[in-house]
Every structure is written in C-alpha cells, then in structure tokens.
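Listed here are the chains, written in short residue letters.
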Amino acid sequence: MESKQLINEAKKIREKAYVPYSKFPVGAALVTEDGTLYTGCNIENAAYPVTCCAERVAIFKAVSDGHDHFKELAVVADTKRPVPPCGSCRQVMSEFFQSDVKIHTTNLHGDTKTFTMEEILPFSFSSADLSEEEA
Ligand code: THU
C-alpha cells in the first residue's frame, strides 16, 4: 500500500476518535506483512490514564487477530509538526515491529516525517533484556 493511502486511512479513522476530554483526535493505520490493514483512533476515559492512544488501538486490534509481522504504520493528528507518537506507543511498537518497520508521522497540513522503528526508539528495552544471557 502507498504511504499516501495509508495516511488517508489514518485520517479517516481519526474521525471516529472518542476524545471528550482532550478534544485531540488521533488516527493510526497499520499494514501487516501479508497486506492486511488495521486502523485505530484514540479512546479516552473519565479515568484519564486508562485512555488508549490510536497507535496502540491499531496494533492491539492486529495482534488480537493473530498478526505478528508488520510493514508500516501511519499516525495523524492536527498538530503543527508531524505528530510524535508517545513513549508508551513507541515501546508497544518495539514489542511487535522489526527494526526496519516504517513509521510515518504526519499532520493535517500534509507534513510527513518517516522513521524506522530503530530510529524512533533506539536502545529500547526488549525481551532479550529479561534474560540473563547477553542479548
Ligand atoms: N494520543 C494518541 O492517540 N497518540 C499519540 O501518540 C499521542 C497522544 C492521544 C492520547 C489522548 O487521547 C490525546 O492524544 C491527548 O494526549
């Protein structure tokens, strides 16, 4: 899928965001290795920390359907610069994305910055660190 198309899917799902508290809708679109598309929007809660970001909703939907190999993800919000994914989302991405998976960050003005997983979260904590053996 073209990154433009993926960004468009992220924009579409952004309209479904449940954001009564922040009024800051975010959309994310994810393509699996086999070409399946998953989308997600942020879903907030009156107990604020329970909120789930758009990126994690998309990733969790895909993982819950059995996917564990991904190609690329796009995220969009109405920000001045391309919206930077939060730290928690980067950590979740690093759990499931290989280091070369592309992350397209963008905004409604069409500014886009693309990172690899390795670039967006270098030196990340991973399952290898849980083992006593050297990673
Ligand atoms: N948010 C996301 O959905 N993704 C991000 O990467 C940044 C933040 C959401 C969480 C909350 O609903 C709103 O944006 C404001 O923080």
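The rules behind each value
- Residues numbered from 1 in each chain as written.
- Predicted model: local features only at pLDDT ≥ 70, side-chain atom pairs only at ≥ 80, totals over all residues.
- Heavy atoms only, no water.
- UniProt positions renumbered as here; feature names shortened; annotations may be inferred.
- Patch = residues over 30% accessible without salt bridge, like charges linked within 9 Å, V, L, I, M, F, W, Y side chains within 5 Å.
- Areas by Shrake-Rupley, 256 points an atom, 1.4 Å probe, with all protein chains shown as cover.
- Salt bridge = Lys/Arg side-chain N within 4 Å of Asp/Glu carboxyl O.
- Helix = DSSP H or I, 4+ residues; strand = E, 2+ residues; numbered from the N terminus.
- Buried < 20%, exposed > 50% of the residue type's maximum accessible area, 1.4 Å probe, protein only.
- Near = heavy atom within 4 Å.
- Polar contact = N/O pair within 3.5 Å; in protein donor to acceptor, adjacent residues only side chain to side chain.
- Nonpolar A, V, L, I, M, F, W, Y, C, P; charged D, E, K, R; others polar.
- Axes fitted to C-alpha atoms, helices over the stretch in contact; angles between N-to-C directions.
- Parallel < 35°, antiparallel > 145°, perpendicular 65-115°, else oblique.
- Left-handed = near helix turned anticlockwise from the far one by under 90°.
- Contact = heavy atoms within 4.5 Å.

- Per an unreviewed UniProt entry, the protein chain is named Cytidine deaminase, and its organism is Halobacillus faecis.
- For the record of the protein chain, the UniProt heading Sequence similarities (unreviewed entry) holds the text "Belongs to the cytidine and deoxycytidylate deaminase family."
- Looking at the protein chain in UniProt, the text filed under Function (unreviewed entry) is "This enzyme scavenges exogenous and endogenous cytidine and 2'-deoxycytidine for UMP synthesis."

1. Notes on a nonpolar patch on the surface
Consideration 1: Judged by side-chain polarity, Tyr 18, Tyr 21, Ile 43 and Tyr 48 come together as a nonpolar surface patch covering roughly 450 Å² of accessible area.
Consideration 2: For Ile 43, the location among the structural elements is in the loop between strand E2 (37-41) and helix H2 (54-64).
Consideration 3: Overall, the relative accessible area of 41% leaves Ile 43 in the partly exposed class.

2. Focus on the site of the ligand
Consideration 1: The immediate surroundings of the ligand are formed by Ser 22, Phe 24, Val 26, Asn 42, Glu 44, Thr 51, Cys 53, Ala 54, Glu 55, Pro 84, Pro 85 and Cys 86.
Consideration 2: At 2.5 Å, a side-chain N or O of Glu 44 approaches an oxygen atom of the ligand.
Consideration 3: At 2.6 Å from an oxygen atom of the ligand is found a side-chain nitrogen or oxygen belonging to Glu 55.
Consideration 4: In isolation the ligand exposes 370 Å². Once the protein is present, 78% of that is buried.
Consideration 5: Here the shell around the ligand is composed, by residue class, of seven nonpolar, three polar and two charged.

3. Here's the deal with the packing of H2 against helix H3 (residues 87-96)
Consideration 1: Contact pair H2 / H3: the axes reach a minimum separation of 9 Å and the direction vectors enclose 25°. Taken together, H2 and H3 sit at an angle that is classed as roughly parallel. Of the two elements, H2 crosses H3, and the hand of that crossing is left-handed. When H2 is examined against H3, the residues Glu 55, Arg 56, Ile 59, Phe 60 and Val 63 are found in contact with a partner set consisting of Ser 88, Cys 89, Val 92, Met 93 and Phe 96.
Consideration 2: Considered class by class, the residues forming the contact of H2 with H3 number seven nonpolar, one polar and two charged.

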